Amino acid sequence: MKTYLVTGGAGFIGSNFVLYMLKKYQDIRIINLDKLTYAGNLENLEEVKHNKNHIFVNGDICDKELIEDLFQKYDFDYVVNFAAESHVDRSIKEPEIFAKTNIIGTVNLLNVAKESWETQDSWKEGKKFLQVSTDEVYGSLGDTGFFTETTPLDPHSPYSSSKTSADLMVKAYYDTFKMPINITRCSNNYGPFQFPEKLIPLLINNCLNHKDIPVYGDGLNVRDWLYVEDHCKAIDMVIREGRLGEVYNVGGHNERTNIAIVKTVIDYLNKNVDSAITEDLIKYVEDRKGHDRRYGIDPTKIKEELGWYPETVFEEGIVKTIKWYLDNKEWMEHITSGDYQNYYKNMYGHEIS
Ligand code: NAD
Ligand code: TYD
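The paragraphs below set out a description of the structure included in this document. Note that the structure is predicted; figures quoted are calculated from it, not measured.

Here we come to the overall build of the protein chain. In terms of regular secondary structure, the protein chain is built from 12 helices and 13 strands. Taken over C-alpha atoms, the radius of gyration comes to 20 Å for the protein chain, in line with the 20 Å a tight globule of 353 residues would show. In terms of its C-alpha atoms, the protein chain occupies a principal-axis envelope of roughly 65 × 50 × 40 Å. Taken across its 353 residues, the protein chain has 57% of its residues classed as buried. For the protein chain, the proportion of contacts with a sequence separation of at least 24, taken over those separated by at least 6, is 82%. Here the protein chain contributes 40 positive and 55 negative side-chain charges, whose respective centroids are spaced 1 Å apart.

Here it is in structure tokens:
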């Protein structure tokens, strides 16, 4: 039985990953370490509340003693590090916490994993540290070209700079110590359980409440959208089959301008839910500082080496996503009313230390 330390597993992608893995494998154990910042939500994990292979631990990846205790207790085979401050707009306002969690927290995890996994002259068999990173480390593209794994790192925001720093530390542990690592760099994810500060869930929520939709700048910035389950599948493949020390880009050739995303969601809701939801809700607002113009991933390496491909085409994925938010209005209400953490903490069945 393989034991995973998943960090940030109460957030958007982390919780999707925990659910994906526990559905797919009956013979794994996941220790889910999450600080439960504003972005962590135990409600995302309702489905595995009674699953004995999932143990939730409320704690900080910067807490060395706690991580050491967990390694001692569970003897992890894999670390999958999702835990991060993840929102670019917040990083512009409060960069320090991004440096702390995203850089120091990652180094702390690396150190404890190294202490636990390193032997006299090598490494214990079968261990791996997977750093979940982002295409934002590559900076911004012009109208043409794509990010490959060898594109020079050129981050701009405090968020992407902190993720780049973390990537370089993970790489350094491979280059210096031969620690078994992989780094995945993914494009923008969408799907269930995404915190409504990010474009797609914010847009859906604002539409349903007839609130203005803030579109930054001219709305023509481009993001390369990937359905979250396809990302989870990629991470699982990289853990099992990724060549040690390698970086894998994960993306689905799914580029859209922001305004195209906004209009797609409005159009669906207008036709299927409420004819009062129209493009009149769109409000162009001041641009984000240092706003990257375009992201676009070249996923050739992960396709050719590991056989990964994105199964969900955008037109299906966006409808699935909108429907999920329509079917889970309470989830959104709990977040927007602010009591989501206390409410679910009290109901949760497993260990919360
Ligand atoms: P999220 O903000 O939804 O979740 C982050 C989780 O980490 C939360 O549950 C939070 O409580 C937890 N956390 C924060 N600080 C912590 C700490 N110090 N110790 C322990 N837990 C802590 O983020 P997400 O969108 O799920 O992103 C997950 C990872 O994927 C991040 O590393 C992010 O950089 C990366 N990523 C995200 C996207 C995307 O589109 N969302 C794209 C590429 C890469
Ligand atoms: P976001 O979801 O914050 O992801 P990221 O900044 O990591 O790509 O934003 C996606 C795009 O949408 C980005 O170009 C900024 C833009 N955006 C808006 O135009 N309005 C909004 O209210 C938000 C949150 C984002």
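That shown, we press on.
Quick look at the site of ligand 2 now. The environment of ligand 2 is made up of 16 residues, and the closest members are E136, P214, R223, R288 and H291. A distance of 2.6 Å separates an oxygen atom of ligand 2 from a polar atom in the side chain of E136. Interatomic distance of 2.9 Å between a side-chain N/O atom of N258 and an oxygen atom of ligand 2. The fraction of the free accessible surface of ligand 2 (510 Å²) that becomes covered by protein chains is 96%.

Strand order in the open sheet made by the seven strands is β3-β2-β1-β4-β5-β6-β11, with parallel pairing throughout. Taken across any chain shown, the strands that pair with only one partner, and hence form the sheet edges, are β3 (54-58) and β11 (247-250). Geometrically, the sheet is characterised by an average inter-axis angle of 20° between neighbouring strands, direction not taken into account. Pairing analysis gives five bridges linking strand β2 (residues 28-34) to β3, with the strands arranged parallel. Bridge pairing in β3 places I30 opposite H54. Packing against the sheet, helix α1 (residues 12-24) makes contact with β1 (2-7), β2, β3 and β4 (78-81), and its axis sits at approximately 170° to β2. This element, helix α5 (residues 158-177), spans β5 (128-134) and β6 (181-186) of the sheet and lies at about 155° to β5.

A few words now on the site of ligand 1. Residues in contact with ligand 1 amount to 28 residues; listed here are only the nearest, I13, D34, S86, Y159 and K163. The side chain of S86 places a nitrogen or oxygen atom 2.6 Å from an oxygen atom of ligand 1. Here T101 contributes a side-chain N or O atom positioned 3.2 Å from a nitrogen atom of ligand 1. In isolation ligand 1 has 840 Å² of accessible area, and contact with the protein removes 97% of it. With three residues, β5 is the single largest residue contributor to the shell around ligand 1.

Quick look at the pattern of salt bridges now. Here the structure, examined in full by the defined rule, presents 25 salt bridges. K35 is the salt-bridge partner of D60, the closest N and O atoms lying 3.4 Å from each other. Here the residue D60 occupies a position in the loop between β3 and α2 (64-74), and K35 occupies one in the loop between β2 and β3, the gap between them amounting to 25 residues. K64 is paired through a salt bridge with E115; the nearest N and O atoms lie 3.2 Å apart.

Calculation criteria
- Residues numbered from 1 in each chain as written.
- Chains lettered and ligands numbered in written order.
- Predicted model: local features only at pLDDT ≥ 70, side-chain atom pairs only at ≥ 80, totals over all residues.
- Heavy atoms only, no water.
- Helix = DSSP H or I, 4+ residues; strand = E, 2+ residues; numbered from the N terminus.
- Rg over C-alpha atoms; globule rule 2.2 N^0.38 Å.
- Buried < 20%, exposed > 50% of the residue type's maximum accessible area, 1.4 Å probe, protein only.
- Contact = heavy atoms within 4.5 Å.
- Lys, Arg positive; Asp, Glu negative; His and termini not counted.
- Charge placed at Lys NZ, Arg CZ, Asp CG, Glu CD.
- Near = heavy atom within 4 Å.
- Polar contact = N/O pair within 3.5 Å; in protein donor to acceptor, adjacent residues only side chain to side chain.
- Areas by Shrake-Rupley, 256 points an atom, 1.4 Å probe, with all protein chains shown as cover.
- Pairing = 2+ DSSP bridges.
- Axes fitted to C-alpha atoms, helices over the stretch in contact; angles between N-to-C directions.
- Salt bridge = Lys/Arg side-chain N within 4 Å of Asp/Glu carboxyl O.

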